[in-house]
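The primary structure of each chain is shown beneath.
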Amino acid sequence: MVIIITAIVFLIILNGIIALSLKKVTSQSSTRSKLKSISIIIALKDEEEKIETLLASINELDYPKEFFEVIFMDDNSKDGTYATISEKIKGFDNINVYKLQSENKSGKRNALKLGISKSVHSYILITDADCEPQKDWLKAYSNRFTDGFDFLFGIAPFFREKFLVNRISCFENLRNSMLIFFAATIGLPYSAAARNFGFKKTSFEKVGGYSKTTDTLSGDDDLLLREAVKNNFKIGTVTAKGSFVFSKTKETFKDYLKQRARHTQTSFHYLFKHQLMLGLWHVFNLLILFSPILFFLDIYFLLLLPLKLFMDLVIVLTSQETFGYNFSFAESLYLQIFYELFLIIHFFNAKFRRIEWK
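Residues numbered from 1 in each chain as written. Predicted model: local features only at pLDDT ≥ 70, side-chain atom pairs only at ≥ 80, totals over all residues. Heavy atoms only, no water.

*Asks:* Provide a residue-level description of the overall build of the chain, including the pertinent values.
*Replies:* Assigned secondary structure in the chain consists of 12 helices and 9 strands. A burial count over the chain gives 55% of its 358 residues as buried. Taking the contacts inside the chain whose residues are at least 6 apart along the sequence as the reference set, 82% of them involve residues at least 24 apart. Carbon together with sulfur atoms contributes 58% to the accessible area of the chain, which is approximately 16,900 Å² in total. (Helix = DSSP H or I, 4+ residues; strand = E, 2+ residues; numbered from the N terminus. Buried < 20%, exposed > 50% of the residue type's maximum accessible area, 1.4 Å probe, protein only. Contact = heavy atoms within 4.5 Å. Areas by Shrake-Rupley, 256 points an atom, 1.4 Å probe, with all protein chains shown as cover.)

*Asks:* So, the packing of helix α6 (residues 164-185) against helix α12 (residues 329-352): which residues are in play, and what are the values?
*Replies:* Where α6 meets α12, the axes come as close as 9 Å, and the angle between the chain directions of the two elements is 80°. What the angle tells us is that α6 and α12 run roughly perpendicular. Here α6 contributes L164, R167, I168, F171, E172, R175 and N176 to the contact with α12, which in turn contributes E331, S332, Y334, L335, Q336, F338, Y339, F342 and H346. When the residues that make up the contact of α6 with α12 are grouped by side-chain class, the tally is 8 nonpolar, 4 polar and 4 charged. (Axes fitted to C-alpha atoms, helices over the stretch in contact; angles between N-to-C directions. Parallel < 35°, antiparallel > 145°, perpendicular 65-115°, else oblique. Nonpolar A, V, L, I, M, F, W, Y, C, P; charged D, E, K, R; others polar.)

*Asks:* Break down the pattern of salt bridges for me, with residues and values.
*Replies:* Tallied over the entire structure, the rule returns 16 salt bridges. For the salt bridge of D136 with K135, the shortest nitrogen-to-oxygen distance reads 3.5 Å. For the salt bridge of K200 with D150, the shortest nitrogen-to-oxygen distance reads 3.9 Å. Of this pair, K200 sits in strand β7 (residues 197-200) while D150 sits in the loop between α5 (137-146) and β6 (151-154), and the two are 50 residues apart along the sequence. One connected set of salt bridges, linked through shared partners, spans D62, K135, D136 and K139. (Salt bridge = Lys/Arg side-chain N within 4 Å of Asp/Glu carboxyl O.)

*Asks:* Give a description of the nonpolar core that names residues and reports values.
*Replies:* F151, F153, F197, F199, Y210 and L224 are the most contacted members of the largest nonpolar core, which has 55 residues in total. For this core, the leading source of residues is α6, giving 11 residues. By size, the runner-up hydrophobic cluster in this structure holds 31 residues, among which are I42, I51, F68 and F72. (Core = buried A, V, L, I, M, F, W, Y, C linked by side-chain atoms within 4.5 Å.)

*Asks:* An account of the packing of aromatic side chains is needed here, citing residue identities and associated values.
*Replies:* Evaluation of the coordinates by the stated rule reveals 22 aromatic pairs. A centroid spacing of 5.9 Å and a plane angle of 55° characterise the contact between F151 and F233, whose relative ring orientation is tilted. Placement of F151 in strand β6 and of F233 in the loop between α8 (220-230) and β8 (235-238) is noted, with a sequence separation of 82 residues between them. Of note, K118 hangs over the ring of Y98, and the distance from its end group to the ring centre comes to 4.6 Å. Across the ring face of F149, the terminal group of K234 is positioned such that the distance to the ring centre comes to 4.6 Å. (Phe/Tyr/Trp six-rings, centres within 6.5 Å; stacked < 30°, edge-to-face > 60°. Lys NZ or Arg CZ within 6 Å of the ring centre and 35° of its normal.)

*Asks:* Outline the pairing of β7, supporting the account with residue identities and numerical values.
*Replies:* Direction of pairing for strand β4 (residues 123-128) relative to β7: antiparallel, over a ladder of 4 bridges. Along β7, the bridge assignment pairs I126 with F197. As defined by bridge partners, β6 adjoins β7 across 3 bridges and the pair is classed as antiparallel. Counted as the bridge partner of F151 is F199 from β7. (Pairing = 2+ DSSP bridges.)

*Asks:* Break down a negative patch on the surface for me, citing the residues and quoting the values.
*Replies:* Taken together, the side chains of D46, E48, E49 and D79 define an acidic patch exposed on the protein surface. Take D46: it is sitting in the loop between β1 (38-44) and α2 (51-59). (Patch = residues over 30% accessible without salt bridge, like charges linked within 9 Å, V, L, I, M, F, W, Y side chains within 5 Å. Lys, Arg positive; Asp, Glu negative; His and termini not counted. Charge placed at Lys NZ, Arg CZ, Asp CG, Glu CD.)

*Asks:* Lay out the environment of I337 with the relevant residues and their values.
*Replies:* You can see I337 is positioned in helix α12. Taking the C-alpha atoms as reference points, I337 and L286, separated by 51 residues in sequence, lie 9.9 Å from one another.

*Asks:* Tell me what's going on with the packing of α6 against helix α9 (residues 253-267), and back it up with residues and numbers.
*Replies:* Axes are the key here: two packed helices are described by the angle between their axes and the distance separating the axes. Relative to each other, α6 and α9 sit at 20°, their axes nearing to 10 Å. On the basis of the axis angle, α6 is roughly parallel to α9. Crossing of α6 against α9: the hand is right-handed. Here α6 contributes L164, V165, I168, S169, E172 and N176 to the contact with α9, which in turn contributes F253, Y256 and R260. Taken together, the residues of the contact of α6 with α9 break down into 5 nonpolar, 2 polar and 2 charged. (Left-handed = near helix turned anticlockwise from the far one by under 90°.)

Following this line, the structure appears as structure tokens:
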């Protein structure tokens with residue numbers, strides 16, 4: 001009985017702290033007069049069909065063209081990616097495309113590294129070819145860089161669609177984002193979405209660039225953030241309205257599991273304090289998820305899971321708009337259970353599956 005009461009009290013206190021912390025996420029503004037000069041770096045591979053949508057989003061950015069450039073890095077595409085971009089950007093003085101193949105190298109990390117080396121501005125933003133940044137994206141980052149931050153990351157929701165893989169991915173993105181931004185508000189940043197990530201070029205160089213992020217094939221954003229934490233750089237978040245970067249989810253369970261395996265594998269290389277924090281959080285939640293099977297020891301074990309789900313629902317339904325989502329009560333209920341169960345699947349998938357980039 002003491003164990004159950006302790007778990008209930010801990011659940012209430014912890015969820016209260018999370019709820020209060022997430023309220024701070026909405027307090028930023030995207031309006032300010034002073035503008036920073038920014039280079040946007042986009043690594044792509046076989047993305048011919050996505051280029052037109054991406055370019056349309058870039059063209060709609062509410063930011064003076066003379067204050068930003070876009071550098072596309074083609075990572076040895078086998079389709080018409082390079083030719084299509086080259087044709088589409090004719091007439092744009094601030095957009096360029098380069099081939100990584102010309103350097104006899106491959107891989108996203110090398111593509112980003114070369115793109116950054118070719119940039120002319122002091123501030124760098126990273127996004128992906130399948131993304132659509134909102135119009136105030138650059139203004140919001142400029143504001144936060146003006147506040148003196150070295151590394152920044154923003155909110156990166158998925159577009160909502162009707163198929164199950166999309167719903168699971170979107171809810172997972174929401175729950176992960178809530179945890180990531182909560183950790184950032186208490187001074188423990190550990191993860192960032194590469195499609196909405198930025199830094200000072202000088203700070204990037206001081207941590208050794210991507211030279212210390214070779215633990216995995218992907219996860220350069222998280223591992224770069226790890227190096228920033230180790231070097232005591234100022235790390236912040238970008239949450240102003242109009243600064244989100246949207247993208248699509250995978251369409252099949254096979255591709256979804258492959259993607260999540262890559263992301264989960266990166267977490268094996270987090271700093272120990274971050275691994276401990278995440279490990280305790282997930283183990284605690286999973287123990288409560290399976291606590292009803294202990295009812296034969298004490299009937300009150302049946303109370304823990306309903307209480308947890310109720311508190312999860314309250315936080316999701318009150319915070320989801322901040323992260324670009326609008327799940328119904330019913331969706332939030334069953335997807336919360338899916339989310340917890342898939343944590344186990346992702347862990348073992350990452351532990352024993354061979355991970356490939358693309």
